[in-house]
Amino acid sequence: MSTESVAVEDLTLEDAAAELERLAKALAHHDALYHGKDAPEISDADYDALKRRNEEIEARFPELIRADSPSRKVGAAPSAIFQQITHARPMLSLDNVFSDDDVRDFISSVYRFLGLLPDNSIAFTAEPKIDGLSMSLRYESGRLVSAATRGDGTTGENVTANIRTIKEIPQTLPSDAPAVVEVRGEVYMAKGDFLALNEQMAAEGKQTYVNPRNTAAGSLRQLDPTITASRKLKFFAYAWGEISEMPADTQFGMVEVFKSWGFPVNPLMQRLSSIEAILEHYNDIGLKRPDLDYDIDGVVYKVDRLDLQQRLGFRSRSPRWATAHKFPAEQAFTTVENIDIQVGRTGALTPVARLTPVTVGGVVVTNATLHNADYIEGIGNSGERIREEGHDIRIGDTVIVQRAGDVIPQVLDVVMEKRPATAERYQFPKICPVCGSHAVRERNEKTGKLDSVTRCTGGFVCRAQAVEHLKHFVSRNAFDIEGLGSKQIDFFFEAEDPALSIKTAPDIFTLEKRQSGSPLTKLENIDGFGKVSVRKLYDAINDRRQVALHRLIYALGIRHVGETTAKLLARSYGSYAAFSEAMKAAADTTSEAWSDLNTIDGIGEVVARAIVEFYKEPRNIDVVSRLLEQVTPLDAEAPVSSSSPVAGKTVVFTGSLEKMTRDEAKAMAERLGAKVAGSVSKKTDLLVAGPGAGSKLEKARELGVETTDEDGWFVLIGG
Ligand code: IVH
């Protein structure tokens, strides 16, 4: 029975739950129509009324807020209702490779890192990459105690109750299993079960699902485990997190142990050593792909020996000992309806092709990036002709688009026979379409060549740059403010009312204080916001008044300073005060501060210059100082292994190392909490010199820096 006309105060719990379900569906339906650019079925006012009703009911019955609630759709992940679990060991992702040559490079890089000749002596496991959701299952004393999604890799959602409904996942382990063990793997939905579910949904007149992966994710995010139980999810075990005692010393052996404990493991996993055998297995799995009852999107290769995995270690987000060899991208024909220009945070003008919607590999594609002016012309980054014959792309063209994994769709080629006679060459804008400032292509100082990027020169004047800057500031790896998504930032940036306006990052933190005025300008009275979501937003903002130093540095949006560089800077300088002072001093390129900055291993001159330029701009200094009135950066965390004898020390390696490769030495030192520098200075604590060491050794002696050889290094670190 419909309850739309019943006042919220008079709704019963059951009616409220049923109505929230109806509203979620209705709003999702209207969202789809609206975003799909079809004619919307209802007016904006009616749409807003539905949204408001939803929020009012949620405000009265917060316990009924659904995982798929429309109030959570914008910016806020549905995660808020599941408790968070911090992974005992981070859940990392994999690097992707696409060609046989990439695989050869991966394998050579493993040998090179370990200082071995590529003689097929290292075995790799090769197994399908399951297109599902990764899951970490924690067992203590043989009992399943928690199950967490990957989340951002550090913390995930606690979905234990739902995972317990998956029959394939053991609730208990045999008595010989370690006291603590986290088994990791992929939860997925079989293709057959997906099709059957969709048939049933269609028969019931309900919305059908797009693909098994999304359905599996949706099924796990149910607040009601009985729904998850009805969805027949499955699992493959292939990795592990914390484990109190290792039951095997190879990847292959570990998976066999999982199998003996009752976990499903993938039958197509093999252990292989030669590149030929590895590529053959890849092709073989590719041929079997259509007949498998689960979606896969590639083959994962992992170094088999765990001691070698240990030596190879990790880059910032992925292991050096593994990679995913993706299957070729899927392609389709469609037409370019228009070319729009987007202006990014750094002023880059990126052309985007608006396409007639087309399904590529189960996903509807409506946009494809065209990268830059050259790309549209048919010229690649090194001046080479791209696409079959270097055809340019024109509005009206029929094109082949391709989608590979999660990457943005690409225009692969133009079908020249179908080019309309009227189609004209695309004229790349010479002024920024957002602020009207000149848009220019810079010349690369080193090569003298024109840069491929056309950049708006408007800087802070350009609204697009300012808005994108704010979006970057609140993004996941920066301040990570939940509830401040793209839509909300647009809204606050456009708001002219001083009680609501957010133009620069510090304004985010004064929003709540500025809200004391008239009820008309109160956020909670504005369409799209409700009391509950506004409170949550303020809480999320206040939660970030203390922030890790590297997040702050990354959030500043300095050119060329990504997350990894930000972490490097945070670790090198320790505190924000030390960092900013040093960067201001480094403006003088004869100063010690400038040479120190350039000595940090991993910071090149381009990055160093960009940071110094940032600190020369008074506007930046002003924004940062206003920001620091609102937030407190936490000093960089102590090195990972503070007990090691080299923790916190600055080490330089020189000469030819014989017992480890340079990369391995660096990774090892960093694992032990040391900083690795590229050149010797007064700040160097230790120089490790192999045979043939020259000027660096001399300089270290001159400066009285402690030196040792490779053996001395191993004695020192106790290895
Ligand atoms: S190994 C440290 N093996 O791929 C790396 N991952 O792109 C641990 N995945 O988040 C992952 N099948 O969700 C591994 N056989 C497989 C996999 C697999 C699918 C997923 C997993 C991971 C993502 C990385």
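Residues numbered from 1 in each chain as written. Predicted model: local features only at pLDDT ≥ 70, side-chain atom pairs only at ≥ 80, totals over all residues. Heavy atoms only, no water.

- The chain goes by DNA ligase in an unreviewed UniProt entry, where it is assigned to Rhizobium herbae.
- The UniProt entry for the chain carries the following text under Function (unreviewed entry): "DNA ligase that catalyzes the formation of phosphodiester linkages between 5'-phosphoryl and 3'-hydroxyl groups in double-stranded DNA using NAD as a coenzyme and as the energy source for the reaction. It is essential for DNA replication and repair of damaged DNA." (UniProt positions renumbered as here; feature names shortened; annotations may be inferred.)

**Focus on the overall build of the chain**
Okay, step 1: Helix and strand counts for the chain come out as 25 helices and 24 strands.
Okay, step 2: Taken over the C-alpha trace, the chain has a radius of gyration of 28 Å; the compact-globule value for 719 residues is 27 Å, and the two agree within 12%.
Okay, step 3: Its C-alpha atoms give the chain principal-axis dimensions of roughly 85 × 65 × 60 Å.
Okay, step 4: A total of 719 residues make up the chain; the buried ones form 47% of that total. (Helix = DSSP H or I, 4+ residues; strand = E, 2+ residues; numbered from the N terminus. Rg over C-alpha atoms; globule rule 2.2 N^0.38 Å. Buried < 20%, exposed > 50% of the residue type's maximum accessible area, 1.4 Å probe, protein only.)

**Quick look at unusual backbone geometry**
Okay, step 1: The backbone of Asn 120 sits at a positive phi, close to 60°, despite the residue not being glycine.
Okay, step 2: Here His 560, not a glycine, exhibits a phi torsion of approximately 70°, which is positive.
Okay, step 3: Here His 560 is to be found in the loop between α17 (549-555) and α18 (563-573).
Okay, step 4: Residue class for His 560 comes out partly exposed when judged on its relative accessible area of 43%.

**Re helix α7 (residues 212-220)**
Okay, step 1: Where α7 is concerned, the buried positions are Pro 212, Thr 215, Ala 216, Ala 217, Ser 219 and Leu 220.
Okay, step 2: Taken together, the buried residues of α7 touch β4 (133-140), α5 (160-163), β7 (180-189), α6 (191-203), α8 (225-229) and β8 (233-243). (Contact = heavy atoms within 4.5 Å.)

**Notes on the site of the ligand**
Okay, step 1: As a matter of local geometry, the ligand sits amid 14 residues, with Ile 130, Ser 134, Glu 186, Tyr 238 and Lys 302 nearest to it.
Okay, step 2: Ser 134 is positioned with one of its side-chain polar atoms (N or O) 3.2 Å from an oxygen atom of the ligand.
Okay, step 3: When isolated, the ligand has an accessible area of 530 Å², and the protein chains bury 87% of it.
Okay, step 4: Listed by contribution, the elements that provide at least two residues to the shell around the ligand are β3 (124-130) and β10 (296-303).
Okay, step 5: Looking at which element gives the most residues to the shell around the ligand, the answer is β3, with 4 residues. (Near = heavy atom within 4 Å. Polar contact = N/O pair within 3.5 Å; in protein donor to acceptor, adjacent residues only side chain to side chain. Areas by Shrake-Rupley, 256 points an atom, 1.4 Å probe, with all protein chains shown as cover.)

**So, helix α21 (residues 605-616)**
Because each turn of an α-helix spans 3.6 residues, side chains separated by three or four positions end up pointing in the same direction.
Okay, step 1: For α21, built from 12 residues, the straight-helix expectation of 16 Å at 1.5 Å per residue is met to within 8% by its first-to-last C-alpha distance of 16 Å.
Okay, step 2: Looking at α21, one finds that the buried residues are Val 607, Ala 608, Ala 610, Ile 611, Val 612, Phe 614 and Tyr 615. (Expected span 1.5 Å × (residues − 1).)

**Remarks on the UniProt feature "active site" (unreviewed entry) in the chain**
Okay, step 1: The positions that UniProt labels "active site" (unreviewed entry) are, in the present scheme, Lys 129.
Okay, step 2: The contact partners of Lys 129, leaving out residues within four places of it in the chain, are Leu 94, Asp 295, Ile 296, Asp 297, Gly 298, Val 299, Val 300, Ala 324 and Lys 326.

**Focus on the sheet that holds strand β11 (residues 322-326)**
Pairing between sheet strands relies on hydrogen bonds along the backbone, with the strands arranged either parallel or antiparallel.
Okay, step 1: Taking strand neighbours across the sheet as the criterion, the 5 strands line up as β2-β11-β10-β3-β9 in an open arrangement whose pairing is mixed. Two strands lie at the open edges of the sheet, namely β2 (96-97) and β9 (270-272), each paired on one side alone.
Okay, step 2: Note that β3 and β9 share 3 bridges and pair antiparallel. Of the residues in β9, the one forming a bridge with Thr 125 is Arg 271.
Okay, step 3: Sheet strands in contact with helix α10 (residues 275-288) are β3, β9, β10 and β11, and its direction is about 155° off that of β10. (Pairing = 2+ DSSP bridges. Axes fitted to C-alpha atoms, helices over the stretch in contact; angles between N-to-C directions.)

**Things to note about the environment of Thr 504**
Okay, step 1: Assignment of secondary structure puts Thr 504 in the loop between α14 (486-494) and α15 (505-510).
Okay, step 2: It is 51 Å that separates the C-alpha atoms of Thr 504 and Leu 292, two residues lying 212 residues apart in sequence.
Okay, step 3: Discounting residues that sit within four places of it in the chain, Thr 504 has contacts with Leu 470, Arg 619, Val 623 and Arg 626.
Okay, step 4: A distance of 3.3 Å separates the side chain of Thr 504 from the side chain of Arg 626, its partner in a polar contact.

**Here's the deal with the environment of Ala 239**
Okay, step 1: For Ala 239, the location among the structural elements is in strand β8.
Okay, step 2: In this structure the C-alpha to C-alpha distance between Ala 239 and Pro 319, which are 80 residues apart in sequence, comes to 12 Å.
Okay, step 3: Every residue in contact with Ala 239, bar those within four places of it in the chain, is listed here: Glu 182, Val 183, Arg 184 and Phe 258.

**A closer look at empty space enclosed by the protein**
Leftover empty space is mapped by rolling, across the atoms, a probe with the size of a water molecule.
Okay, step 1: Under the definition given, this model contains 2 cavities of 30 Å³ or more.
Okay, step 2: Within this model, the largest cavity holds a volume of roughly 50 Å³.
Okay, step 3: Lining the largest cavity, in full, are Glu 127, Pro 128, Ile 130, Phe 236, Ala 237, Tyr 238, Val 255, Val 265, Asn 266 and Met 269.
Okay, step 4: Elements supplying a minimum of two residues to the lining of the largest cavity: β3 and β8.
Okay, step 5: Classifying every residue of the lining of the largest cavity by side-chain character gives 8 nonpolar, 1 polar and 1 charged.
Okay, step 6: Quantified by volume, the second largest cavity comes out at close to 30 Å³.
Okay, step 7: Taken together, the residues of the lining of the second largest cavity sort by class into 2 nonpolar, 1 polar and 5 charged. (1 Å grid on protein atoms, 1.4 Å probe; cavity = no way out; pocket = protein on both sides within 12 Å on 5 of 7 lines; lining within 4 Å. Points joined across faces, edges and corners; volume = space filled by probe spheres on them. Nonpolar A, V, L, I, M, F, W, Y, C, P; charged D, E, K, R; others polar.)

**Quick look at the sheet that holds strand β23 (residues 686-689)**
Okay, step 1: Sheet architecture is open: 4 strands sit in the order β22-β21-β23-β24, paired in parallel fashion. In this open sheet, the two edge strands, each paired with only one partner strand, are β22 (675-676) and β24 (706-708).
Okay, step 2: Bridge count for β23 against β24 is 3 bridges, and the pairing is parallel. By the bridge assignment, Leu 687 is partnered in β24 with Thr 707.

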